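Descriptive analysis of the structure
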Amino acid sequence: MPFAYDTQSNLVMAVALVNTGLRRDGSDALATVDDLDRFCREHGFAGRHAGDAAELAQVHQVRERLTDLWSVDRDRAAELVNSMLAESAAVPYLVRHDGWDWHLHATSLTAPLPVRVMIESAMAVVDVIRSDEWARMARCAAEECDAVLIDLSRNRSRRFCDVNNCANRAHVAAYRARRAADGSEDDARPQP
Ligand SMILES: [Zn+2]
Ligand SMILES: [Zn+2]
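My aim in this report is to walk through the structure given alongside it, one point at a time. Because the structure is predicted, anything quoted here is derived from the model rather than measured. (Residues numbered from 1 in each chain as written. Chains lettered and ligands numbered in written order. Predicted model: local features only at pLDDT ≥ 70, side-chain atom pairs only at ≥ 80, totals over all residues. Heavy atoms only, no water.)

**Here's the deal with the side chain of Thr107**
Quick note on the threshold: Put simply, DSSP marks the helices as runs of H or I at least four residues long and the strands as runs of E at least two long, and each gets a number from the N terminus on. The buried label goes to any residue with under 20% of its type's maximum accessible area, the exposed label to any with over 50%, and the partly exposed label to all in between, with areas taken from a 1.4 Å probe on protein chains only. Throughout, a residue-residue contact means that at least one pair of heavy atoms, one from each residue, lies within 4.5 Å.
By the secondary structure assignment, Thr107 is in the loop between β2 (100–105) and α5 (113–130). Looking at Thr107, the relative accessible area reads 6%, which means it is buried. Beyond its immediate stretch of four places on either side in the chain, Thr107 contacts Tyr93, Val115, Arg116, Ile119 and Glu120.

Structure follows, in structure tokens:
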């Protein structure tokens, strides 16, 4: 594991958030307050959650700022993360809650949800930057897919996102290419 567990889970959360806006079909997977409720449940955001349109709009702004991190280099990312941390006066502290052992938080559970989403993400990105693992902040290798990913694999082998079915699509395309190269169009051709 390249990062501590809480860092990894927050990176996965940040990727999931960014990718709600990068669906292949152009839809927004975080279009409604219900979508945001589901996101909070899936990523374990207990604490304050207004569940209204204003909060959703603020989460959309956070999503845009986090999305930018995948289009900049490591030095610029450090600047962006620093401004996120500074404007919300993040104060790191260790906490143990809901069955989770000691891990790092930088905002109180009573802070607004959009702030917590941004700061938990920023704190995780801090680890990626300072351990010089920026290359793990990658974009899906599939053509026509803009989704982002965090490569947590040991050998840095991850290529595809997990929201647009790209690994499977690439697998099928490679299979078809092999079949075409064989001169065989018919998948049902009997084996020799
Ligand atoms: Zn926690
Ligand atoms: Zn993809």
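**Topic: the coordination of the zinc ion (ligand 2)**
This is how the line gets drawn: Counted as donors are N, O and S atoms no farther than 2.8 Å from the metal, or 3.2 Å for Na, K and Ca; water is not among the atoms, and sites may therefore look incomplete. Here a site with four donors is tetrahedral if all angles are between 85 and 135 degrees, and a site with four or six donors is square planar or octahedral if opposite donors are over 155 degrees apart and the other angles are between 65 and 115; anything else gets the irregular label.
At the metal site, the zinc ion (ligand 2) is ligated by Cys140 (SG), Cys145 (SG), Cys161 (SG) and Cys166 (SG), and these contacts range over 2.3 Å. Around the zinc ion (ligand 2) sit four donor atoms, and with donor-metal-donor angles ranging over 105 to 116° the site reads as tetrahedral. The class for Cys166 is buried, based on a relative accessible area of 1%.

**Topic: α5**
Worth spelling out the cut-off: Each helix should span, by expectation, one fewer than its residue count multiplied by 1.5 Å.
The first and last C-alpha atoms of α5 sit 26 Å apart over 18 residues, in line with the 26 Å expected at 1.5 Å per residue. Burial of α5 is extensive: 15 of the 18 residues sit out of reach of the surface. Just beyond α5, the residue with positive phi is Asp132, at close to 55°.

**Side note on the pattern of salt bridges**
Just so we agree on the cut-off: Salt bridges are defined by distance alone: a side-chain nitrogen of Lys or Arg within 4 Å of a carboxyl oxygen of Asp or Glu.
Following the criterion strictly, the structure yields ten salt bridges and no others. Between Asp101 and Arg96 there is a salt bridge, with the nearest N and O atoms lying 3.7 Å from each other. For Asp101, a relative accessible area of 53% translates into the label exposed. Assessed through its relative accessible area of 52%, Arg96 is described here as exposed.

**Quick word on the coordination of the zinc ion (ligand 1)**
All of the protein donors around the zinc ion (ligand 1) are His97 (NE2), His103 (NE2) and His105 (NE2); their distances to the metal are 2.0 to 2.1 Å. Mapping the donors of the zinc ion (ligand 1) onto the primary sequence yields the spacing H-x5-H-x1-H. Among the residues examined, His103 registers a relative accessible area of 11% and is labelled buried. A relative accessible area of 8% means that His105 is categorised as buried.

Everything listed here is a matter of geometry and, on its own, says nothing about what the molecule does.
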